[in-house]
Amino acid sequence: MLGDTITPMDLAAIDKEYVRVNSTELGEEVEIDIEDEEDFNIRYQLILRVDTVEQDPSLYCIKISTNHPFFKLQKSCVLRSFSSFYFLEKLLLSSTHDISPMLPLKPLLWTSSQKTKLQQLTNFLFQVLSNRDFLANMAVHLFLQTQLSMEIIKDNIEGRRHDNETGDENKDALQKPISMKEADGENWLKYILKRPVKGKEGQRRKSLGDHLELLSVNLFNILPIINE
């Protein structure tokens, strides 16, 4: 009966405004209704937004808010590079022969406008999250809800590592305020990137992964400063 259908409003409400905080004009946002695997009357919600990071156009901010039980975090925010999307696509294509590439050729998209890049990258994630098989894929969850590097994600897929899918990055991002005494609103990214990574040998920045680690820890606390 129609009256027995469980609508998204009957489930835990998702925080739609979460993905829109400090959003950019170029950003792309999509909403996805996902049917339950066992009861097609149950539909979960997922809202996804991809924004540019103005201070570093090579990075993209991916925010998700969802009530789907597959996701360990109802809300998450990560930073990913342009190339990491293609790395994820490669991992997904290697796991199945039933789909064709979902992204345009990398050289073509790389030379496109930032708006076109955002549209294509967002559409790629929309296709992935609309696919029932990919929705439960470990690589997808590690990509969207942790700041693990793509190499480490690959190691997890191939069984060489077993990282917690939620990690500590997103929890810290919501709990640990950044001290802005030495930073200002215009140079926040430069300030973050020059800081030493706690626990890294020699206290030196060694990779993009180190940069992303610091950015993920401090993202929510510095974003409000950017727009002041």
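Everything below is about the structure printed above this text.
Visitor: Account for the packing of helix H1 (residues 82-95) against helix H3 (residues 114-129), with residues named and values stated.
Guide: For any two helices packed against each other, the geometry comes down to the angle between their axes and how far apart the axes lie. At a closest axis distance of 11 Å, the pairing of H1 and H3 adopts a crossing angle of 30 degrees. Between H1 and H3, the crossing angle belongs to the class labelled roughly parallel. Where H1 crosses over H3, the two elements pack in a sense that is left-handed. Taken together, the residues of H3 that come into contact with H1 (itself represented by Phe82, Phe85, Leu88, Glu89 and Leu92) are Lys117, Leu121, Phe124, Leu125 and Val128. When grouped by side-chain class, the residues that make up the contact of H1 with H3 number eight nonpolar, no polar and two charged.

Visitor: Give a description of the packing of H1 against helix H6 (residues 150-157) that names residues and reports values.
Guide: With their axes 10 Å apart at the nearest point, H1 and H6 run at an angle of 15 degrees to one another. In terms of orientation, H1 and H6 fall into the roughly parallel class. When you trace H1 past H6, the crossing you get is right-handed. Residue-level inspection shows Ser84, Phe87, Leu88 and Leu91 of H1 in contact with H6, the latter providing Met150, Glu151, Ile153 and Lys154. Split into classes, the residues belonging to the contact of H1 with H6 amount to five nonpolar, one polar and two charged.

What counts as what
Residues numbered from 1 in each chain as written. Predicted model: local features only at pLDDT ≥ 70, side-chain atom pairs only at ≥ 80, totals over all residues. Heavy atoms only, no water. Axes fitted to C-alpha atoms, helices over the stretch in contact; angles between N-to-C directions. Helix = DSSP H or I, 4+ residues; strand = E, 2+ residues; numbered from the N terminus. Parallel < 35°, antiparallel > 145°, perpendicular 65-115°, else oblique. Left-handed = near helix turned anticlockwise from the far one by under 90°. Contact = heavy atoms within 4.5 Å. Nonpolar A, V, L, I, M, F, W, Y, C, P; charged D, E, K, R; others polar.

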